[in-house]
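Commentary on secondary and tertiary structure
Here is how the chains run, residue by residue.
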Amino acid sequence: MPTTTPPAPPIDASLIARLQGAGQSHLLRFAPTLTPDRRAALLAQIEGLDLSAIPSLVETYVKAKPTFSLAASVEPAPYYPNNHASKSRAWDRARFEKAGQDLIRAGRVACFTVAGGQGTRLGYDGPKGCYPAGAVSRKPLFQLFAEQILAHSRRSGKDVPWYVMTSPLNHDATVAFFRANDFFGLPPSSVMCFPQGVMPSFDMKTGRVLLAAPDEIATNPDGHGGSITALHKSGAIADMKRRGITTLSYFQVDNATVQALDPAFLGLHASAPDSSAEMSSKMIPKAYAEEKLGLFCSCNGRTEVIEYSDLPMDLQRQTLPDGTLRFLAGSIAVHAMSVEFIERLATDPRFSLPYHRAEKKVPCIDPETGEKVDPASPNGVKLERFVFDALPLCRASIVYETDRIEEFAPIKNAAGVDSPESCTRLQTERAARWLKAAGIEAPLTSDGKPDCTLEISASTALCASDLVSTDAGRAAVTRLRSSPIPRGANILI
Ligand code: UTP
């Protein structure tokens, strides 16, 4: 007997009215032509939108461009200098490092990586965490972090759970990658991947939500600030509470040399006298005034990150009598966060983070004709939340200085600044520095840079002193003593 496809159920009149009210009726333009399955998928996507919020989002962020207003008082944020013996602010490194180690040993700390970005600038076909970033080994970014977490877990005798935020666009590929690689030696029960939310992408001119296809709304991940809601909605916060986790070590997926766990930083966050232990940050000194890093500022007494494009250039160029930049503290998006603070932000609407507007090229279809549009210039507005907007919501927040070569080797672009090539160079410089401190010289070029490519595995050393204080570190140094590093060599240590 021939089968007939059942007719698609009529569209709920209240949905039609709500779409009209939000100025988004065009989303149903092609619904009558869709198969029941595809129509149901489109309707589910529309139901997932917060239609009541759309008109004000369009007015505030799409039709208007919100302007940044500088606080009445903007000062450089104070920070704990990397040199704990610095005259500017001496602090007891041994005490805070121990406090951080105690937290890890007590099983209170988890790692949290935001990996839901689209990585458009790098243009890599796959989740960025799968990118082969190891200078010599070509290990993927996820593996570089996993090996650090494993080394810390072994040393502390406690599993360190790892939460990885993906997006609906890369979640399945990320999970499949972890599975295919046996979670890089971590217990699978300690790794939790969960997708962040998305926002609809808007037509820049009309404020209408763009359609990616007749049956699909164009969306974008809702920014790393979306992690606050996603941690809560996914059940990750509940999972942390079950495990007794109080503190998250937050970092981005594209920084190959980030310290996944830094005991001194965690200790400062948890117990420095001026910390609320809600959210703390790491900074590096900006290399030059125009460097495109957000800046830690104290705005009316509260620590904030001001984007480099928002802080007036004359302020960014100000120098102190010794010539250093007055606004020096550049953000590298590394934070320590309390689970309780995240839960408060996620559940109390008074703490919801603002949106930031970005103009982007968004492939879509013409809502009148259904024809594909591949824009040559930005046609869409994407709305994202940024995690650093949580800083001024803390009761108090501290900043800790770290060293660029030690832990900032981002991969953002395919070439040039912050590229795989610069990342390889920085990994090599760091390895050469650690080896030098252990008495091993790498061959140098005439300008003093390593004339070779080096990478030190986390299983060998997590920091310079491990090369002299651990068995694995000392064994590596002994091997290198017996066969010095030749020029042009590629060596995984
Ligand atoms: P970027 O701002 O560098 O964005 O993200 P991106 O999407 O990775 O790259 P481009 O701009 O498209 O080239 C900084 C960090 O925040 C994460 C990224 O995965 C990266 O670790 N992120 C960004 C998210 O997790 N979700 C987002 O919605 C945006």
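Placed above this text is the structure.
A brief structural summary. (Residues numbered from 1 in each chain as written. Predicted model: local features only at pLDDT ≥ 70, side-chain atom pairs only at ≥ 80, totals over all residues. Heavy atoms only, no water.)

1. Notes on the pairing of strand β2 (residues 109-114)
Extensive coverage of β2 is indicated by the burial of six of its six residues. Pairing geometry for β2 and strand β3 (residues 162-166), over four bridges, is parallel. Across the sheet, the residue bridging to C111 is W162, located in β3. (Buried < 20%, exposed > 50% of the residue type's maximum accessible area, 1.4 Å probe, protein only. Helix = DSSP H or I, 4+ residues; strand = E, 2+ residues; numbered from the N terminus. Pairing = 2+ DSSP bridges.)

2. Section: the state of the cysteines
If you walk through the whole model with that rule in mind, you get zero disulfides. Cysteine C130 remains unbridged, with the sulfur of C193 as its closest cysteine sulfur at 10 Å. You can call C130 buried: its relative accessible area is 10%. For the unlinked cysteine C463, the closest cysteine sulfur is that of C111, found at 15 Å. (Disulfide = S-S within 2.5 Å.)

3. So, the site of the ligand
Residues in contact with the ligand amount to 19 residues; listed here are only the nearest, V114, G116, T120, Q196 and K412. Separating an oxygen atom of the ligand from a backbone N or O atom of V114 is a distance of 2.7 Å. Here an oxygen atom of the ligand and a backbone polar atom of Q118 are 2.8 Å apart. Protein contact buries 87% of the 560 Å² of open area that the ligand shows by itself. Its residues assigned to classes, the shell around the ligand comprises five nonpolar, nine polar and five charged. (Near = heavy atom within 4 Å. Polar contact = N/O pair within 3.5 Å; in protein donor to acceptor, adjacent residues only side chain to side chain. Areas by Shrake-Rupley, 256 points an atom, 1.4 Å probe, with all protein chains shown as cover. Nonpolar A, V, L, I, M, F, W, Y, C, P; charged D, E, K, R; others polar.)

4. Things to note about the pattern of salt bridges
Applying the stated criterion to the full structure yields 30 salt bridges. A salt bridge links K139 to E147; its shortest N-O distance comes to 2.9 Å. Considered together, K139 and E147 belong to a single accessibility category, that of buried residues. Ionic pairing is found between R487 and D451, a salt bridge with its closest N-O pair at 2.9 Å. (Salt bridge = Lys/Arg side-chain N within 4 Å of Asp/Glu carboxyl O.)

5. Here's the deal with helix α9 (residues 263-271)
The buried fraction of α9 amounts to seven of the nine residues, a majority that puts the element mostly inside the structure. Among the residues of α9, those classed as buried are P263, A264, F265, L266, G267, L268 and H269. For α9, the N-terminal cap is D262; the gap from its side-chain oxygen to the backbone nitrogen of A264 is 3.1 Å.

6. Concerning the nonpolar core
Core analysis: the biggest nonpolar cluster contains 53 residues, and C111, F142, W162, F178 and L268 have the highest contact counts within it. The element contributing the most residues to this core is helix α5 (residues 141-156), with seven residues. Among the nonpolar cores identified, the runner-up in size contains 35 residues, and A230, A236, M279 and V339 belong to it. (Core = buried A, V, L, I, M, F, W, Y, C linked by side-chain atoms within 4.5 Å.)

7. A look at the packing of aromatic side chains
If you walk through the whole model with that rule in mind, you get 16 aromatic pairs. Judged by centre distance (5.9 Å) and plane angle (15°), the rings of F265 and Y400 are stacked. Separated by 135 residues along the polypeptide, F265 in helix α9 and Y400 in strand β19 (residues 399-401) bring together distant segments of the chain. When the ring centre of Y80 is taken as reference, the NZ or CZ atom of R89 above it lies at 3.7 Å. Positioned above the aromatic ring of F351 is the side chain of R344, whose terminal nitrogen or guanidinium carbon lies 5.7 Å from the ring centre. (Phe/Tyr/Trp six-rings, centres within 6.5 Å; stacked < 30°, edge-to-face > 60°. Lys NZ or Arg CZ within 6 Å of the ring centre and 35° of its normal.)

8. Here we look at the pairing of strand β12 (residues 295-299)
Burial of β12 is extensive: five of the five residues sit out of reach of the surface. Residues L295, C297 and C299 of β12 are buried on one face, and the alternating residues F296 and S298, pointing to the opposite face, are buried as well. Alignment of strand β1 (residues 74-76) against β12, held across three bridges, turns out to be antiparallel. The residue of β12 that forms the bridge with E75 is S298. Note that β12 and strand β13 (residues 302-306) share five bridges and pair antiparallel. Within β13, the residue paired with S298 across the bridge is T303. Connecting β12 to the next strand, β13, in antiparallel fashion are two residues, including N300 with a positive phi near 45°.

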